[in-house]
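# A closer look at the structure
As a plain string of letters, each chain reads:
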Amino acid sequence: MRKITNICCIGAGYVGGPTMAVIALKCPLIRVSIVDINPDRIAAWNTENLPIYEPGLLEIVKEVRGRNLFFSTDIEKGILEAEMIFISVNTPTKTYGVGKGHAADLKYVELCARKIAEVAKSDKIVVEKSTLPVRTAESIKAILSESENDIEFQVLSNPEFLAEGTAVNDLLYPDRVLIGGDQTPEGLTAIEVLASIYSNWISNERILKTNIWSSELSKLTANAFLAQRISSINSLSALCEVTGADIDEVAFAIGSDSRIGNKFLKSSVGFGGSCFQKDILNLVYLCNYFGLPEVAEYWEKVIHINDYQKRRFANNIINALFNTVSGKKIAILGWAFKKDTNDSRESAAIYVADHLLNDQARICVYDPKVQAKIIYSDLDFLNTRPHEINIELLEVETDPYNACRNAHAIAILTEWDEFKNYDWHRIYKNMIKPAFLFDGRNILDLKKVASIGFKLITIGKPL
Ligand code: UDX
Ligand code: UDX
């Protein structure tokens with residue numbers, strides 16, 4: 001079996017960066033190069049100030065960078081030298097044309113495949129790391145087979161299951177690694193070649209091998225199931241608020257049933273992130289495409305409930321503040337889609353802020369890791385109002401106490417640990433009264449903050 005000594009990964013993002021750093025760490029004899037079209041991103045990967053924040057990542061990068069991990073914009077050189085190429089570029093939901101709003105935009109993946117076909121001079125194993133619709137490998141193969149350089153390509157699907165914020169741990173100790181490939185002698189060999197890389201630190205029973213379509217579909221399905229659990233618990237949070245039940249108690253009670261399990265049952269202001277919504281939309285598109293509208297409708301509801309939850313939370317703020325937030329200062333604590341990441345793609349905070357801005361609120365945002373320019377570009381991307389108005393109505397603070405000063409209300413939208421340890425007495429003292437506190441993550445000690453004097457509103461607890 002071929003031993004891989006040189007890997008290239010196209011796409012130095014939240015997936016490509018940490019994944020390759022861990023492969024480089026665990027496989028010192030393999031040279032790993034990460035290439036990207038974005039020179040600023042590559043430059044940042046070569047500094048102490050990495051473009052993405054992930055606990056534990058900087059330490060690993062510092063250990064392997066320059067040893068057997070390299071960051072570069074020279075995509076052609078990366079392709080030429082590698083025996084195995086990971087495609088880890090983004091696959092956003094299409095914003096134009098056929099499948100707009102649902103289908104995955106595969107233009108970057110296609111560009112990568114075309115580049116590989118054009119540049120490669122020796123046999124390659126091409127690994128899909130980006131989440132893709134089922135049967136994308138077919139398209140990649142079709143493009144590669146047009147290469148004029150008479151070489152053999154094997155295409156594998158190796159979806160990534162890491163979650164941001166815990167990426168390093170998820171990569172070091174994964175529940176499983178999934179590798180899908182053609183069930184031909186050449187395909188099965190390629191699967192083994194990739195499996196042998198992971199077996200440097202992962203036991204064989206955790207390395208699952210399937211056909212390529214099962215692998216592609218398993219990734220979409222895993223994310224759809226996880227998102228479905230959140231929408232299920234969030235839908236019931238609304239019922240809890242009107243019946244007097246407590247969603248955390250309900251989650252604990254049902255999670256104690258080993259058949260249900262206790263993970264992914266934390267009620268929240270809604271799930272975000274670059275994957276859940278995109279992958280479900282993708283699944284919905286596929287089901288409709290293959291003539292299964294009932295299945296499509298079933299999964300689409302997961303997104304409807306998530307949208308409902310974000311809207312409901314924003315409306316609860318407006319209702320509690322005597323039906324208007326016009327001219328009132330609302331402090332938003334947390335913009336990232338979850339704690340321990342600087343990623344805010346599809347974060348619930350964006351939609352809650354947008355809803356409040358529609359009601360003419362003045363917003364002040366504090367997040368420990370998300371930069372102001374990203375916050376503004378997230379809002380501008382929605383295109384609800386001109387950039388100038390977003391700048392006028394929303395400010396970004398680097399000090400949480402200043403963010404909350406003179407606010408009518410505070411909304412906690414990310415579960416950053418530091419929020420639990422704030423001096424809530426001091427914050428309360430400097431707010432306009434009555435001082436409202438909306439805990440969109442149920443992270444605060446309710447009794448404690450209520451005793452300070454806050455009017456506290458949480459998710460899924462009796463109002
Ligand atoms: C993720 C996953 O790879 C994908 O599975 C998931 O579905 C969504 O996005 P992620 O790493 O989070 O990707 O995306 P991002 O941080 O945007 O990184 C993608 C990188 O690819 C960017 O740095 C971008 O510059 C680069 N890119 C994109 C290329 O190098 N070439 C291209 O043609 C397009
Ligand atoms: C997800 C999958 O977990 C991962 O396997 C896949 O590779 C990529 O997509 P990620 O989006 O990075 O990972 O984070 P995740 O921890 O799944 O959280 C997604 C969203 O759900 C966040 O907004 C989070 O706050 C929310 N969430 C999660 C809840 O609201 N409640 C929960 O119980 C769990």
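So, here's what we can say about the structure. (Residues numbered from 1 in each chain as written. Chains lettered and ligands numbered in written order. Predicted model: local features only at pLDDT ≥ 70, side-chain atom pairs only at ≥ 80, totals over all residues. Heavy atoms only, no water.)

What follows deals with the packing of helix H5 (residues 107–119) against helix H6 (residues 136–144). To describe two helices that pack against each other, one gives the angle between their axes and the distance between the axes. Between H5 and H6, the shortest axis-to-axis distance is 8 Å and the interhelical angle comes to 30 degrees. Comparing their axes, H6 and H5 come out roughly parallel. Relative to H6, H5 is oriented so that their crossing is right-handed. Listed contacts from H6 to Val-109, Glu-110, Ala-113, Arg-114, Ile-116 and Ala-117 of H5 are Ile-140, Ile-143 and Leu-144. When grouped by side-chain class, the residues that make up the contact of H5 with H6 number seven nonpolar, no polar and two charged. (Axes fitted to C-alpha atoms, helices over the stretch in contact; angles between N-to-C directions. Helix = DSSP H or I, 4+ residues; strand = E, 2+ residues; numbered from the N terminus. Parallel < 35°, antiparallel > 145°, perpendicular 65-115°, else oblique. Left-handed = near helix turned anticlockwise from the far one by under 90°. Contact = heavy atoms within 4.5 Å. Nonpolar A, V, L, I, M, F, W, Y, C, P; charged D, E, K, R; others polar.)

Our focus in this paragraph is the site of ligand 2. Residues in close proximity to ligand 2 total 20 residues, the closest being Phe-161, Ser-268, Phe-337, Lys-338 and Arg-441. A distance of 3.1 Å is found between an oxygen atom of ligand 2 and a backbone nitrogen or oxygen belonging to Glu-160. Relative to its unbound accessible area of 660 Å², ligand 2 is 90% covered by the protein chains. Of all the elements, helix H9 (residues 212–243) adds the most residues to the shell around ligand 2, at four residues. Counted by class, the shell around ligand 2 contains eleven nonpolar, three polar and six charged residues. (Near = heavy atom within 4 Å. Polar contact = N/O pair within 3.5 Å; in protein donor to acceptor, adjacent residues only side chain to side chain. Areas by Shrake-Rupley, 256 points an atom, 1.4 Å probe, with all protein chains shown as cover.)

As a further point, take a negative patch on the surface. Negative charge collects at one region of the surface, where Asp-123, Asp-150, Glu-152 and Glu-186 lie side by side. Structurally, Asp-123 is set in the loop between H5 and strand S5 (124–128). (Patch = residues over 30% accessible without salt bridge, like charges linked within 9 Å, V, L, I, M, F, W, Y side chains within 5 Å. Salt bridge = Lys/Arg side-chain N within 4 Å of Asp/Glu carboxyl O. Lys, Arg positive; Asp, Glu negative; His and termini not counted. Charge placed at Lys NZ, Arg CZ, Asp CG, Glu CD.)

Further remarks concern the state of the cysteines. Evaluated as defined, the whole model comprises zero disulfides. Lacking any disulfide linkage, Cys-8 is separated from the closest cysteine sulfur, that of Cys-9, by 7.0 Å. (Disulfide = S-S within 2.5 Å.)

Position of Glu-388 among the secondary structure elements: in helix H15 (residues 387–393). Residues Glu-388 and Cys-240, 148 residues apart in the sequence, show an inter-C-alpha distance of 40 Å.

This part covers the site of ligand 1. The immediate surroundings of ligand 1 are formed by 20 residues, with Asp-36, Arg-41, Thr-131, Lys-278 and Arg-345 found nearest. In this structure, an oxygen atom belonging to ligand 1 sits 2.7 Å away from a side-chain N or O atom of Arg-41. A distance of 2.5 Å separates an oxygen atom of ligand 1 from a polar atom in the side chain of Lys-278. When the free accessible area of ligand 1 is taken as 690 Å², the share hidden by the protein chains comes to 92%. Its residues assigned to classes, the shell around ligand 1 comprises six nonpolar, nine polar and five charged.

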